[in-house]
Amino acid sequence: MSIGSDRSASNVSRIMDSFLERHHLLVEDAPWELRPSPLGGLGVFAKRDLHPGEVIFRDYPVIMGPRCLAESTDICVSCYRKQDIIPCNKKCGLSLCTNCQTSPDHKRECEFIRQRINVEITQELTHYLINSLAPLRSIFLSTQDKEVVLYLKAHKGHHHGFEVDLLMDKANCKMAQEEKEFLKFVCAVLDTNAFELVVRNGDDQTSLRGLYPLGSLANHRCFPNAFHVFDDKQRMVTRASVFIEKDEEIFHSYTKILWGTSSRLLHLKETKHFVCKCERCVDPTEFGTYMNAISCTRCKGNVLPILPQKNCDWRCEGCMKVVSVKEVGKTLTLIGSVMRSFRNCNFNVMYSFLKGKLSQMVPDSNQAVLELKCKIIWYLGYTPGFEWKDLPLETLVLKKRFCSDIIEILVKLKVGLCKIKGLLLYEIYLCTEEINKRKVNTVEKDEVDYLKEAIDILKFDASASKLITAGRSDLNGNGYGS
Ligand SMILES: [Zn+2]
Ligand SMILES: [Zn+2]
Ligand SMILES: [Zn+2]
Ligand SMILES: [Zn+2]
């Protein structure tokens, strides 16, 4: 194994182009190119002006596998369905659906596992196998695809690759030194670069991790100018979320857009090992959204970190009172624990916390408020007793307003098109439709406009296909075509 050494833009571009070509995704006159980034290393840049919604590139998952989640032992390791799952008939310890028992992709890994592991397969061992399945699959890559992986960034540190150690330890799995080194490197590449995606089969969904070589070359910014979705073949489709000028760098976000600076910085530090210094991160108000702020106990003003990147004191913008990190931490821990308790909570409990206690502790745009509004949005209309037909008019109006509140924040954050916006627009459409059903004479206009916008944002997204198919037929009914 030799880790890619010539990381010049021209060499990595050549490797990427041939990778995309092998997977039928190379387009003539692509609107992107690799160049050295001011952030260090390479970045993806616009070769010409790009309009919101335009596809910038499509990328193929060079490695794909289940995520390390507790519940993921009951999935088909080939098509990731959760129904009709039975243990592999060759007894490798993994499970497959009835259709995939003879899948050629599984055959290779199945043989490998059975050759290398000579201990009794237990539930625990199955768990280790699933955890290491994504890296193990790198062994079966073509030489050229292996080269692509060797050119990706990998974090250093001993904890990367623990999956391989566990497998060797617990399953007494024999591996040559070079093979082991390669696998550990792949684990580090996956930890650094893998994207999470959700595969939907009917009503169930499975969370996977996929390594997208070109996608992982695009750098992070907390107000991205691009967004990505995954199509039904699990390919990444990256599109411009705002107007991108020629020569601008293309950024996506590795964190949730609706997280405040403290949460984002913590997540980036823990998973990606870097401190983001983008404009949103250095602005304590986060473009005037105050997503990270808590309320001053003295004057109700906004209390913000004095230096968001540092673990320093906070200060009230109104009365200038200084609040220690410890005090702020107490408030945030309290909010966090209440929020976690809402996993199976009902609307009334969540709503009274939102309007009561929470509104006293933080401003209306705080991350926790947005999170709770999202919870309520996807509770109303989708929970027994709170289905669309059960919702009183004022609850429908409330849900619609919560959606608009969040969209307003997204606008302030300058993120343009993104998946969450698409989903919220779709909910607004459904609310409007339901409201119109109840009204005899007056009709709220423009519901179809919300739907059109939602579909436009979500159109390549396989996990949203149900919405889109539902929406499409509605649109056809209205004579708009698809
Ligand atoms: Zn299957
Ligand atoms: Zn098998
Ligand atoms: Zn940032
Ligand atoms: Zn104050």
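What you see is a predicted model, and the numbers here were worked out from it, not measured in a lab.

The protein atoms donating to the zinc ion (ligand 2) are C88 (SG), C92 (SG), H106 (NE2) and C110 (SG), with metal-donor distances spanning 2.1 to 2.4 Å. The coordination sphere of the zinc ion (ligand 2) comprises 4 donor atoms, whose angles at the metal cover 104 to 114 degrees; the geometry is tetrahedral. Every donor residue of the zinc ion (ligand 2) comes from the same chain, spaced as C-x3-C-x13-H-x3-C. Placement of the pair is C88 in the loop between β5 (85–87) and β6 (95–97) and C110 in helix α2 (residues 104–116), with a sequence separation of 22 residues. Accessibility classification places C88 together with C110 in one group, the buried group.

A few words on the layout of surface pockets. There is about 540 Å³ of room inside the second largest pocket. If you trace the second largest pocket, you find 21 residues lining it, with Y60, M64, D105, R108 and R137 closest to the centre. Looking at the lining of the second largest pocket, the elements that each hand over two or more residues are β4 (63–66) and α2. In terms of residues, the lining of the second largest pocket owes the most to one element, α2, which gives 4 residues. For the lining of the second largest pocket, the residue count by class is 10 nonpolar, 5 polar and 6 charged.

Before going further, it helps to spend a moment on the nonpolar core. Core analysis: the biggest nonpolar cluster contains 69 residues, and L358, L372 and I376 have the highest contact counts within it. Non-local contacts of L358, meaning those with residues more than four positions away in its chain, are made with I335, F353, A368, V369 and L372. I56, L211, L217 and M236 belong to the second largest nonpolar core, which has 48 residues in total.

A few words now on the sheet that holds strand β3 (residues 55–59). Paired through backbone hydrogen bonds, the strands of a sheet run either parallel or antiparallel to each other. Ordered by their spatial adjacency, 3 strands build an open sheet running β3-β11-β10, and the pairing between neighbours is antiparallel. This sheet does not close on itself; its edge strands, each paired only once, are β3 and β10 (226–230). Neighbour-to-neighbour, the strand axes of this sheet turn through a mean angle of 20 degrees, independent of strand direction. Where β3 and strand β11 (residues 236–240) come together, 4 bridges link them in antiparallel fashion. From the neighbouring strand, F57 faces β11, where its bridge partner is T238.

A word on the pattern of salt bridges. All chains considered together, the criterion is met by 28 salt bridges. A salt bridge links D84 to R81, with the nearest nitrogen and oxygen atoms 3.3 Å apart. With a relative accessible area of 49%, D84 lands in the partly exposed category. Given the relative accessible area of 22%, R81 is considered partly exposed.

This brings us to the environment of D59. With respect to the helices and strands, the residue D59 is situated in strand β3. The spacing of D59 and L211 is 152 residues in sequence and 9.5 Å in space, taken between C-alpha atoms. Ignoring any residue separated from it by four or fewer positions in sequence, one finds D59 in contact with F19, L20, L25, Y212, P213, L214, G215, R235 and M236. Among the polar contacts made by the side chain of D59, one reaches the main-chain amide nitrogen of L214 at a distance of 2.8 Å.

To continue, consider the coordination of the zinc ion (ligand 4). Donor atoms from the polypeptide that coordinate the zinc ion (ligand 4) comprise C296 (SG), C299 (SG), C316 (SG) and C319 (SG), at 2.3 Å from the metal. Seen from the zinc ion (ligand 4), its 4 donor atoms lie at angles of 95 to 116 degrees, and the figure they make is tetrahedral. Looking at C296, the relative accessible area reads 1%, which means it is buried. C316 sits in the buried class, given a relative accessible area of 1%.

This next bit is on the sheet that holds strand β1 (residues 32–36). The strand order β1-β2-β12-β9 describes an open sheet built from 4 strands, whose pairing is mixed. The sheet is open, and its two edges are formed by β1 and β9 (219–220), each paired on a single side. Sheet topology note: the β1/strand β2 (residues 42–46) ladder contains 5 bridges and is antiparallel. Considered in β2, the bridge of W32 is made with A46. Across the sheet, helix α1 (residues 9–22) lies against β1 and β2, angled at about 150 degrees from β1, the strand it touches most.

Before going further, it helps to spend a moment on the packing of helix α14 (residues 367–377) against helix α15 (residues 393–412). Relative orientation of the contacting elements α14 and α15 amounts to 140 degrees, with a least axis distance of 10 Å. It follows from the interaxial angle that α14 and α15 lie oblique. For the pair α14 and α15, the crossing hand works out as left-handed. Each of L370, K373, C374, I376 and I377 in α14 lies in contact with α15, whose residues at this interface are K399, F402, C403, D405, I406 and I409. Broken down by class, the residue content of the contact of α14 with α15 amounts to 8 nonpolar, no polar and 3 charged.

The rules we used
- Residues numbered from 1 in each chain as written.
- Chains lettered and ligands numbered in written order.
- Predicted model: local features only at pLDDT ≥ 70, side-chain atom pairs only at ≥ 80, totals over all residues.
- Heavy atoms only, no water.
- Donors = N, O, S within 2.8 Å, 3.2 Å for Na, K, Ca; no water.
- Tetrahedral: all angles 85-135°; square planar, octahedral: opposite > 155°, others 65-115°.
- Helix = DSSP H or I, 4+ residues; strand = E, 2+ residues; numbered from the N terminus.
- Buried < 20%, exposed > 50% of the residue type's maximum accessible area, 1.4 Å probe, protein only.
- 1 Å grid on protein atoms, 1.4 Å probe; cavity = no way out; pocket = protein on both sides within 12 Å on 5 of 7 lines; lining within 4 Å.
- Points joined across faces, edges and corners; volume = space filled by probe spheres on them.
- Nonpolar A, V, L, I, M, F, W, Y, C, P; charged D, E, K, R; others polar.
- Core = buried A, V, L, I, M, F, W, Y, C linked by side-chain atoms within 4.5 Å.
- Contact = heavy atoms within 4.5 Å.
- Pairing = 2+ DSSP bridges.
- Axes fitted to C-alpha atoms, helices over the stretch in contact; angles between N-to-C directions.
- Salt bridge = Lys/Arg side-chain N within 4 Å of Asp/Glu carboxyl O.
- Polar contact = N/O pair within 3.5 Å; in protein donor to acceptor, adjacent residues only side chain to side chain.
- Parallel < 35°, antiparallel > 145°, perpendicular 65-115°, else oblique.
- Left-handed = near helix turned anticlockwise from the far one by under 90°.

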